[in-house]
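Descriptive analysis of the structure
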There are 2 protein chains.
Amino acid sequence: MLSQTEENYLKAIYSIGISNGKNINTTLISRKLKTKPSSVTDMIRKLAEKDLIYYEKYKGVSLTQSGKKIAIDIVRKHRLWEVFLVNKLNYNWDEVHEMAEQLEHIKSDTLVGRLEAFLDFPKHDPHGDPIPDENGNIAQHKNVMLSSLEINSSGVVIGVKDSSSSFLQFLDNSNIKLGDTIKVIAKEDYDNSILIENKLQTKSISQQISANLFVKKI
Amino acid sequence: MLSQTEENYLKAIYSIGISNGKNINTTLISRKLKTKPSSVTDMIRKLAEKDLIYYEKYKGVSLTQSGKKIAIDIVRKHRLWEVFLVNKLNYNWDEVHEMAEQLEHIKSDTLVGRLEAFLDFPKHDPHGDPIPDENGNIAQHKNVMLSSLEINSSGVVIGVKDSSSSFLQFLDNSNIKLGDTIKVIAKEDYDNSILIENKLQTKSISQQISANLFVKKI
DNA sequence: ACATATTTTTAGATTAATCTAAATTTTTGA
DNA sequence: TCAAAAATTTAGATTAATCTAAAAATATGT
C-alpha cells in the first residue's frame, strides 16, 4: 500500500511527463510538489526500489508500467470526485481541486467503480479533462487551442489548459463555458488578442486566455 | 489544522467517554487505537498542549469544549459519509466503516454541509446512530435493548450497539433490519435467549444478539 | 498497611518525509 | 576545451508518530 506522498510523487511525475515530453528531472518534480530537490532524490530512490519508476542517477526518471497504472488510477479518482462535487454537491468548477486532491487518496477496491456508476460514467471532468477508464485507457482528445483558430472559423469549447481558480473565475465572469460555440471574428497582430463571438456576446480576449482554451473545430 | 492521527485520538477519547462514563485512561485509549500506552502518553501531552483535552499525569483525560466539538464533527462526517455510501453508492451497511474512517478526515469548510443537504438531512446513519447537527447537537435516542423487552411487548428496531461486519451480516442473514417491528413471544431463563416474531418469521435469538439491538418500545 | 500487581510515564530508538549545507556531476557557453 | 553555472546527490538534522524497555506512580488484596 502506497502512502499519499508516494502517490503524489507518481502523479506529479505522470503529469510532468504529459506536458514536458520525456525530460522528467529532479528540479521539475520539486517545483511541482513544492519540495526541495534533495527530498525528491530521496523519494525517487524509494520509488525506484519499488519498481514504480526507472531512475538513473543524474539522468532523471520515468514511470514503469505499474507506476503509470497507479498514477493514472489516481488521476481517474481525482476527476471522478470532481464530477461528484460539481454535479451532485453543486460546487463551481473552480472550487473542487483541493477537495479532490484529498479524495483521490481514499483507499478502497470498489469505491471508484461505484462512484463512476453513480455519476453515470462521465467521460470528462468539469474542466473538460478526460476520465481514464478502469484499465487506465484515456480518450485522447486531440483538440486545438482557441488561439490557433483561423478568422471566421468556429470551435466548441472542450476544456481548459490552466485550471487555476483565477482562470476559471475569469471564464465565469466572461460568460464563457464548456460547450460554448465560439467564432473567431478578428485577430490583432500587435498583441495576438482575438475578437470572438459566442451566443451571448462579442468580445476581445488576450492570447493568455485563448491559449488556455481547448476547442474542437467545427 | 489537526493531523488525522490527532483527530483519531479525539474521536477515540470521545467514544470511550460515551460508553465508559468518566474513566478515560491511557490503557483504554491504547486498546481502542491499537497502539502502545507509551504512544498514548506522548499524544495526550500534545493534545493537552493544544487545549483539546484536560490531562493530569496518572489521572486520565477528558475532552475540553473545543476538543469535544472537533470529535463530534468527525463523528458527524463519518456518519454522513456512511449514509452516502449506503444510500447513493448502494453499499451494504456492513461494508462502509473502513471507507468512512478515511472520508471523515477530508478537510473542507463546506463539504460536510453540502453532503448533508445532498443526502436530504438524514437524522441517522445506516446503523441507526444519530447524526450530530452542524452545532454538535446530537438527538439522544433513549431507546432500550431488545433483551430488556417484556414478553408480549413489541419494539421497532432502531439501531445496533455492535456494528461489526459479522454482526451486521448475521442480522442480514436472519432477516432482521432497521425499522422492523419485533414482538417478544417468549424468554428462556436458562440462557436468556428469546423467541421473537417479525413480519417474516418467528425465531429464537441468543442474548448476545438481543443485547446488541436497540429498539423503541411501542 | 504494605507487598505485589497494574498502570503510566520516561528514556532512548526507529521510520517516513522533509530540510539545509556541502559535495559531486552534468551542462553550458566563451 | 574547459571554467563557471546549474542540477543533483549526499550527509546530517528535524518532526511526527510510533515502538521497547525500564522506571515511577497508583491500585489492590489479604
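Just above sits the structure.
So, here's what we can say about the structure.

Calculation criteria
Sequence order sets the numbering: in each chain, residues are counted from 1 along the sequence as written. Whichever chain is written first becomes A and whichever ligand is written first becomes 1, with later ones labelled in order. In keeping with the predicted nature of the model, local features appear solely for residues at pLDDT of at least 70, side-chain atom pairs appear and are counted solely at 80 or more, and the whole-chain, interface and lining totals rest on all residues. Here, nearness is defined through the C-beta atom: a residue counts as near a molecule or strand if that backbone-placed atom lies within 6 Å of it. Every helix listed is a DSSP run of H or I at least four residues long, and every strand listed is a run of E at least two residues long, numbered separately from the N terminus. By the convention adopted, Pro, Cys, Tyr, Trp, Phe, Met, Ile, Leu, Val and Ala count as nonpolar, Lys, Arg, Asp and Glu as charged, and the other residues, Gly among them, as polar. The criterion for strand pairing is that DSSP finds at least two bridges linking the strands in question. The superposition of copies rests on a least-squares fit of C-alpha positions from residues with pLDDT of 70 or more in both. A residue pair is marked as a contact if its C-beta atoms, positioned from the backbone, fall within 7 Å.

Once that is clear, we can look at the protein's contact with DNA strand D. Close to DNA strand D lie 20 residues, the nearest being A:N25, A:T27, A:S38, B:S3 and B:S38. Breaking the surface near DNA strand D down by element, the ones donating at least two residues are α2 (26–33) and α3 (37–49) of chain A together with α1 (4–20) and α3 (37–49) of chain B. A per-element tally of the surface near DNA strand D places α3(B) first, with five residues. Residues that form the surface near DNA strand D fall into these classes: four nonpolar, 11 polar and five charged.

Around DNA strand C, the surrounding shell holds 20 residues, and the nearest of these are A:S3, A:S38, B:N25, B:T27 and B:S38. Of all the elements in the fold, those that place two or more residues in the surface near DNA strand C are α1 (4–20) and α3 of chain A together with α2 (26–33) and α3 of chain B. Per element, the largest residue contribution to the surface near DNA strand C is five residues, and it comes from α3(A). The residue inventory of the surface near DNA strand C, partitioned by class, reads four nonpolar, 11 polar and five charged.

Turning to the sheet that holds strand β6 (residues 194–197) of chain B, a few remarks are in order. The strand order β3-β8-β4-β5-β6-β7 (chain B) describes an open sheet built from six strands, whose pairing is antiparallel. Looking along the sheet, the strands with just one partner apiece sit at the ends: β3 (144–145) and β7 (202–205) of chain B.

The operation relating chain A to chain B is a screw motion whose rotation component is 180°, with 0.0 Å of axial translation and a residual RMSD of 0.1 Å. With respect to symmetry, the two chain copies, as superposed, fit the operation of a two-fold axis. Considering only C-alpha atoms, the part of chain A nearest the rotation axis is A:L103, at 3.7 Å. Most of the interface of chain A is mirrored in chain B: 100% of its interface residues are interface residues there too.

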